[in-house]
Amino acid sequence: MSSKLSKKEVLKMLLFLAIVVFLMMSIQVYKKAIFLGDDITFHYQRFYEMYMQIKNGNLNYFQSIYSFNSSGRIINALYGYDFAFIQGIILSIFRSWAKFQIVSSFLCFYTSGVSMYFLARTIKLSPKFSFIGSVMYMTTSVVSSYPLYQAFNGWGAAFVPLLFIPAIKSVVDSKERINPVYLAIPVSILLSVHTLSALIGVLAIIPFYIVSFLLEKNKLRWIKNGFIAVLLALLLVANTIFSYIDVYSSNKIYGPTLIQKMSDFSAIPTLGGNDLKSLGLVVSIVFIFQIAYSILNWNKYPLIYKLINSVGIVFLVLSSTIIPWDALAARLDFLQVLQFPHRFLMIPYVLLLLGFLITISDLYSKLGEANKSVLFSIAVTIAGLMVFGLNSAITNKTTIWFSDSPQNNGNNGYALRERNPQKIRDGFKDKDLTKAFEIVVKGTSDYLPMPENEDAEDLLNKGPYGMYYREIVDNQKGYKRKISDNGSIILSWENTTGKTEEKVVPVIIYGHSVVKLNGSEIKPTELSKTEIGVAKVKSIPGRNELVVGYKPLISMKIAFALKMIGLISSVLFLFLNNNKKRKH
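Everything numeric here is computed off the predicted structure, so don't read it as measured data.

(A) Spotlight on the overall build of the chain. In terms of regular secondary structure, the chain is built from 21 helices and ten strands. The C-alpha radius of gyration of the chain comes to 26 Å, within 12% of the 25 Å expected for a compact globule of 584 residues. When burial is assessed residue by residue, the chain has 55% of its 584 residues classed as buried. Pairs at least 24 apart in sequence give 77% of the contacts found in the chain among residues at least 6 apart.

Right, here's the structure in full:
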């Protein structure tokens, strides 16, 4: 069976997937509901930042100058700048949180379905089974975590299937084990979207490339193409690499909150619905069936099928309570960075679903026409149940939005600054997009600078969220704020006490911040700061002005030039490679 895709097949797939996604989301679309998930204010402020920078033309790659209380926090530079920029463009088109959420969620579902379809066709599954697989995948909790909860690993999961296309080809294609561009592009996309998803995905494809290397007769060619792929990927994410080096080399950064009770966030088979910590009845049946079938038929499987199933099973185990995550996290602190073991689930959702599709496709080819209809109907029923399950979840969240507690779609209760449910809804529907950030106010401390003599656990014990509320969120009165043409934050205030006093000004200072107080430049190292990097200045009687910008050690123009070199090199490599194939 050929894996080549005709234009007609691709167009049909794109159309039918769009219809399925629309049907899944229909009630949210009709009622224009907004789901206030756990991470809505964090990510929507990132996107608002890009929208406002695009709108006003004063781009600041590092600092948050319009969002996060214009505090100058570094967020987007360390958290998928490129993809946040794309989301900012979408927001600039629709200028409404309801429309933005619907469109962004639609694209997340749609991207995941398209990615899974191309992966299934890579393994030479028929278009109809590939379509069933794409529908099944886009209904899973790893993908829907973004549309339902605004958890960004959902977007990571949407692109993960693309990683396995070159990985599978490296095992089955003896003529070209590694195409550098086809490997570099999905890796760089994932690194630009969600770094942790990229790391988990790369970890999952390593076994494929180990086998690929062992099978390759021309080891030197394999190493050369692998090296080119790594180089291209690094060039394509040069701005991300430069950002991390610049910020982390000049600051001690407080990362996302470490989780010690990691087993509380492991996944288990259940008889209920499919969510982040529960596989649900349908997926549990599919996974158990596929694992049992693959074990019983192991000796009949070709090598690539063994790899697909075994890697899927290993990552399923890693995501589960079988692993003593609490004990491991207590001994190995770096594991706490993972936070939630259920993040490993994106790999079995891709590979075990792919293995299931291979199994039913293989059984289908051996049956008579009558039995073929029965088996295909079973496959469609499974996909249908998963679609209805997700549609039910979306319906439930739509009902919550119109209830007396619209905040209950996420853990937003403690962060509410407005308790009237209608005012909450009106605030998120307001033309002034910042009204939403005045309703749900969360004091996240991710990527704030911390003192060199403290570690993350020390700061965690002191309550960084509380510090952020006191020093930034609730410390806004009495200041006039504007943004300069070069993207610096200008804060001014009046000191009416008649004497010089120390004042905590709500702006974050990093190692490479450019700071001017009342016209005099001050080195960041010479400026007093709180334990989360908030400026403490000497406020003189009368008018005071603090200007805070950012100047990286190496200009980001160089990073983007390298990125362009990577893009141009990728296009040239594909062009020359295709010409070479035509001649042969």
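(B) Seen up close, the side chain of N309. Among the secondary structure elements, N309 is positioned in helix α13 (residues 303-318). A distance of 2.8 Å separates the side chain of N309 from the backbone oxygen of Y305, its partner in a polar contact. Beyond its immediate stretch of four places on either side in the chain, N309 contacts Q290, S294, W298, Y301, L352 and G355.

(C) Quick look at the sheet that holds strand β5 (residues 501-508). Spatial ordering of the open sheet is given by β5-β9-β8, a layout of three strands whose pairing is antiparallel. At either margin of the open sheet sits one strand with a lone partner, and together these are β5 and β8 (528-529). Across six bridges, the pairing between β5 and strand β9 (residues 534-539) is antiparallel. Bridged to K503 within β9 is V537.

(D) How the structure looks around the pairing of strand β10 (residues 542-550). Bridge count between strand β4 (residues 489-495) and β10: seven bridges; the pairing is antiparallel. Of the residues in β10, the one forming a bridge with S492 is E545. Of the strand pairs in this sheet, strand β6 (residues 513-517) and β10 are connected by five bridges, and their pairing is antiparallel. Bridge pairing links V515 to V548 in β10.

(E) Layout of the packing of aromatic side chains. Applying the stated criterion to the full structure yields 42 aromatic pairs. Plain terms: the ring middles of F16 and F131 are 6.4 Å apart, the flat faces sit at 80° to each other, and that makes the pair edge-to-face. Of the two residues, F16 is situated in helix α1 (residues 7-31) and F131 in helix α5 (residues 127-138); the sequence distance between them amounts to 115 residues. Plain terms: the ring middles of W155 and F159 are 6.0 Å apart, the flat faces sit at 25° to each other, and that makes the pair stacked. Taken as a pair, W155 and F159 lie in helix α7 (residues 153-172) at a separation of four residues, close to a single helical turn. W155 sits in the buried class, given a relative accessible area of 2%. On the accessibility criterion, F159 (13% relative accessible area) is buried. Note that R46 overlies the ring of F152, its terminal NZ or CZ placed 5.0 Å from the centroid. In this structure, K219 is placed above the aromatic ring of F213, and the distance from its NZ or CZ to the ring centre is 5.3 Å.

(F) Examining the pattern of salt bridges more closely. On inspection of all chains with the given rule, the structure shows eleven salt bridges. K462 is paired through a salt bridge with E454; the nearest N and O atoms lie 2.6 Å apart. Classification of K462 by relative accessible area gives partly exposed; the value is 43%. Overall, E454 belongs to the buried group, its relative accessible area being 8%. Close ionic contact of R543 with E545 constitutes a salt bridge, the shortest N to O distance being 3.4 Å. Through salt bridges with shared partners, one network takes in R177, E216 and R221.

(G) Structural context of the packing of α13 against helix α15 (residues 346-365). Packing of α13 against α15 leaves a shortest axis separation of 8 Å and a crossing angle of 140°. One way to sum up the angle between α13 and α15 is to call them oblique. Crossing handedness for the pair α13 and α15: left-handed. Here Y305, I308, N309, V311, G312, I313, F315 and L316 of α13 come into contact with α15, specifically with I347, P348, L351, L352, L354, G355 and I358. Of the residues contributing to the contact of α13 with α15, the split by class is twelve nonpolar, three polar and no charged.

(H) Main features of a nonpolar patch on the surface. A contiguous nonpolar patch, built from L15, F16, I19, F22, L23 and Y30 and spanning about 620 Å² of accessible area, is present on the exposed surface. Assignment of secondary structure puts L23 in helix α1. Using a relative accessible area of 52% as the deciding quantity, one classes L23 as exposed.

(I) Examining unusual backbone geometry more closely. Unusually for a residue other than glycine, S70 sits at a positive phi of about 50°. With a relative accessible area of 11%, S70 lands in the buried category. One non-glycine residue, K124, lies in positive phi territory at about 70°. Within the secondary structure layout, K124 lies in the loop between α4 (97-122) and α5. Overall, K124 belongs to the partly exposed group, its relative accessible area being 47%.

(J) The arrangement of the pairing of strand β3 (residues 480-483) in detail. By the bridge criterion, four bridges tie β3 to β4 in an arrangement that is antiparallel. Opposite K482, over in β4, you have I490 as the bridge partner. Between β3 and β4, which pair antiparallel in sequence order, lie five residues; one of them, G487, sits at a positive phi of approximately 90°.

Parameters and conventions
- Residues numbered from 1 in each chain as written.
- Predicted model: local features only at pLDDT ≥ 70, side-chain atom pairs only at ≥ 80, totals over all residues.
- Heavy atoms only, no water.
- Helix = DSSP H or I, 4+ residues; strand = E, 2+ residues; numbered from the N terminus.
- Rg over C-alpha atoms; globule rule 2.2 N^0.38 Å.
- Buried < 20%, exposed > 50% of the residue type's maximum accessible area, 1.4 Å probe, protein only.
- Contact = heavy atoms within 4.5 Å.
- Polar contact = N/O pair within 3.5 Å; in protein donor to acceptor, adjacent residues only side chain to side chain.
- Pairing = 2+ DSSP bridges.
- Phe/Tyr/Trp six-rings, centres within 6.5 Å; stacked < 30°, edge-to-face > 60°.
- Lys NZ or Arg CZ within 6 Å of the ring centre and 35° of its normal.
- Salt bridge = Lys/Arg side-chain N within 4 Å of Asp/Glu carboxyl O.
- Axes fitted to C-alpha atoms, helices over the stretch in contact; angles between N-to-C directions.
- Parallel < 35°, antiparallel > 145°, perpendicular 65-115°, else oblique.
- Left-handed = near helix turned anticlockwise from the far one by under 90°.
- Nonpolar A, V, L, I, M, F, W, Y, C, P; charged D, E, K, R; others polar.
- Patch = residues over 30% accessible without salt bridge, like charges linked within 9 Å, V, L, I, M, F, W, Y side chains within 5 Å.
- Areas by Shrake-Rupley, 256 points an atom, 1.4 Å probe, with all protein chains shown as cover.

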